[in-house]
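# Coordinate analysis (summary)
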Amino acid sequence: MLAPASDMPNRVVPVLASLALVLIWWLDFGIVQPNRIVPGTGYGLVEAIGAANSAGLSAGLLALMVMARHRFRARFYGLGALVALLLMWQPILLAEFADRQLPADAAYARTAIGAGFWSLLFLLGLMAIEVLSQLPSPRGHHLILVALVLVVWGVCVAAGRLDSLSLVTEYASRPDQFRQALTHHLALSLSAVLCSLVIAIALAIMMMRRDRWRQPVLATVSFLQTIPSLALFGLLIAPLSALSTAFPFLQTLGIRGIGWAPALLALVAYSLLPIVRNTYVALSEVPDDLVDAGRGMGMSERQLFLKLKLPLAMPIIIEGVRVTTIQAMGLTAVAALIGAGGFGTFIFQGLGQAAMDLVLLGALPTIALALAADGVLTALGQVCRPAGLKANG
Amino acid sequence: MIELKGVSCRFGSTVAVDAINLTVETGEVCVLVGSSGCGKSTTLRMINRLLPHSAGEISVDGQDIRRIDVRKLRLNMGYAIQGTGLFPHWTVARNVALVPKLLGWSRDRITTRVDELLTLLGLAPETFANKYPEQLSGGQAQRVGVARALAADPNILLMDEPFGALDAITRDNLQNEMLRIQRQVHKTTVFVTHDIDEALRLATRIAVMDQGRILQHDTPENILRSPANAFVENLLGSQDRGLKLSALRRVGDAMSRHPQPCEPDLETDWLSEDDSLRQALSVMLWHEAEQLPVRDAGGAEIGVLSRDQIWTGAT
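Now for a quick tour of the structure. (Residues numbered from 1 in each chain as written. Chains lettered and ligands numbered in written order. Predicted model: local features only at pLDDT ≥ 70, side-chain atom pairs only at ≥ 80, totals over all residues. Heavy atoms only, no water.)

Here the focus is the side chain of B:Gln182. Residue placement: B:Gln182 occurs in helix α8 (residues 168-185). If we ignore the near neighbours within four places in the chain, the residues touching B:Gln182 are B:Gly27, B:Val29, B:Lys187 and B:Thr189. (Helix = DSSP H or I, 4+ residues; strand = E, 2+ residues; numbered from the N terminus. Contact = heavy atoms within 4.5 Å.)

Here is the structure:
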């Protein structure tokens, strides 16, 4: 008989921890730049945070390796706590680095995160995911861990301990723009998903009623998905300009060749495939004999749809929405090219000015939004899974 | 009463049901039997209008079903199908409550009715009401399926191979339950099966179908005694028709009854009055017995069945 996974020595955490150990000693931990554009000087681990902190960090990683190899009951709770502590320690180490190496007299000098630190953050993140997946559900642990880590980072930023960090500097010089970008990004991607959902359900119902619609509809949404996103954004400029010139009242609504209108259209077009496909498959895979039984007992088509087909299809539909939302969050960044706003604005500005920190200021929140959407919709999918169905069924 | 007059069903150029006439009297169990593709399920599904009939007239209690609102028609017909068709995301209780809920019964009435039905089908409500179909065995699920069909006390019961997917023992149990329940509720029932033994056992009258036509419509006994043609004869099997006939008779009807029930002799083997003559014959063959005592459901000895009585009783 196979022992349950939690009774076997964990191999993932030791591998990740040893990799992290090698990388933090090998790569630069932090960088100091005299100003925004000039490439900075890299600092190794001991130079950056001192011998004591370096030893502590290494000891923490070693402890993870040792703990993961041993079998005791609560080891995954211990591992989780240790990973969380290490993640919470990182902003403090960054502040320590700034205190040690940032020249006091240079007004434009700033610190940047080095490759070693990025690797450490990334690998700690992976370890957190691995450890959390081994903990029994309900998954309250996830939320507690993520919240704790975020709170410590937030406190460090709010207390000004990370003010010299280039990312924070970039944010500090444009907080209003950042807030606006966030609003635009969310509004654009979420409304695109919402529009697609409504269209997708209508299309799915249409395909179920008339089978001959199925091929053309699925072919069309698949085709839309194959157009390169930049091209689609660009292609929509001409027809929408023509439209708004022909009907001036459209301009008062904000519909022009560039801006949110073509972006929304393109995003909806991209979002259709996953939602349409999942909605159609989910609804049409409700077993015929159930529908037959329901109909034979006198349920109306409406009741059959609302009480039988939709609840059974819900988990798969939400899965489609999840995939679409993550995709839309990413694509919205590209939509900044045609003036739609959002975090893409920072990315393209940063690329134009060769300011990588500004690129990060756009890219990191985009990733965070996608991850948040993933988490929320995964949870929603679990909540909406009808009782009585197998967890994997 | 259900009447089909000259009813046909065509799908494109194929004729699934070809101008059949069939009358199902109130309270009787009409079993449609035949091989797959013979049109028996199609016939059943035309009665609750899941399929439209292309020609002829179907009436229920004298009323043309095309003049009845389709939902009203179906709500008044219990419907049970092969593989249960239970909704997997609903509990047993909610599944059974489906039609009463559609009819707008009060919550209390529905709860009472669900408990009553589960008990009738031999499922303890406190154990089963809150289970999901996935947690039931095949036989239990099919019992729930039958309970659901009976839920709103419909006048008519349509059953489309309800026991087709069950193993032999479970099927046997459920057939017994069906007979017991039918004795209590007397529903006008149309029952589709491909199993001639099931048909002989459950039917008041059997309609043997082939290629969209009814070859013979008669009581099980008459069908066994005088099959209309070679097809029916073949379906019955030529070798064991005698046994099938004896299976239709109860021991209680063929035995000689004691003037008064008496204490049973615990040493000897015995028969129950509800056993069929076929079972009685088998027991006698096994024990090489000339005659056996018969007990009633309470365990008292009420009569004796002899080998000769099986002969006279079965033929």
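Residue and element names in this part refer to chain B. Here 4 strands make up an open sheet; going across it, the order is β2-β1-β4-β5 and the pairing antiparallel. Looking along the sheet, the strands with just one partner apiece sit at the ends: β2 (14-24) and β5 (63-64). The pairing of strand β1 (residues 2-11) with strand β4 (residues 55-60) spans 5 bridges and is classified as antiparallel. Opposite Ile 2, over in β4, you have Val 60 as the bridge partner. Across the sheet, helix α1 (residues 40-47) is in contact with β1, β2 and β4; its angle to β1 comes to roughly 115°. (Pairing = 2+ DSSP bridges. Axes fitted to C-alpha atoms, helices over the stretch in contact; angles between N-to-C directions.)

As a further point, take the pattern of salt bridges. Side-chain pairs of opposite charge can arise whenever the charged atoms involved come near each other. Evaluation of the coordinates by the stated rule reveals 27 salt bridges over all chains. Between A:Glu170 and A:Arg110 there is a salt bridge; the shortest N-O distance is 3.2 Å. One end of the pair, A:Glu170, is in helix α6 (residues 166-172); the other, A:Arg110, is in strand β3 (residues 110-113), and 60 residues separate them in sequence. Under the relative-accessibility criterion, A:Arg110 is labelled buried at 9%. With its nearest N and O atoms 2.7 Å apart, the salt bridge here joins A:Asp292 to B:Arg45. With one member in each of two chains, A:Asp292 in helix α13 (residues 288-296) and B:Arg45 in helix α1 form a pair that bridges those chains. Members of the salt-bridge network, linked through shared partners, are A:Arg110, A:Glu170, A:Arg174 and A:Asp357. (Salt bridge = Lys/Arg side-chain N within 4 Å of Asp/Glu carboxyl O. Buried < 20%, exposed > 50% of the residue type's maximum accessible area, 1.4 Å probe, protein only.)

Right, let's get into unusual backbone geometry. Positive phi is not limited to glycine here, since B:Glu161 has a value of about 45°. Secondary-structure assignment places B:Glu161 in the loop between β7 (156-160) and α8.

This part is about the layout of surface pockets. Reported here for the largest pocket is a volume of approximately 2400 Å³. Every residue lining the largest pocket is counted, 45 residues in all, and those nearest its centre are A:Val146, A:Leu150, A:Ile367, A:Ala368 and A:Leu371. Of all the secondary structure elements, the ones that give two or more residues to the lining of the largest pocket are α4 (115-134), α5 (140-158), α6, α7 (175-209) and α16 (356-384) of chain A. Per element, the largest residue contribution to the lining of the largest pocket is 14 residues, and it comes from α16(A). Of the residues that constitute the lining of the largest pocket, the class distribution is 36 nonpolar, 6 polar and 3 charged. Here the lining of the largest pocket gathers at least three residues from each of two domains, domain 1 (5-169) and domain 2 (175-384) of chain A. In this structure, the second largest pocket spans a volume of roughly 1200 Å³. If you go around the second largest pocket, you meet 35 residues; those closest to its centre are B:Asn176, B:Leu179, B:Arg201, B:Ala247 and B:Ser276. (1 Å grid on protein atoms, 1.4 Å probe; cavity = no way out; pocket = protein on both sides within 12 Å on 5 of 7 lines; lining within 4 Å. Points joined across faces, edges and corners; volume = space filled by probe spheres on them. Nonpolar A, V, L, I, M, F, W, Y, C, P; charged D, E, K, R; others polar. Domains from an automatic or database assignment.)

Coordinates in, geometry out; function isn't part of it.
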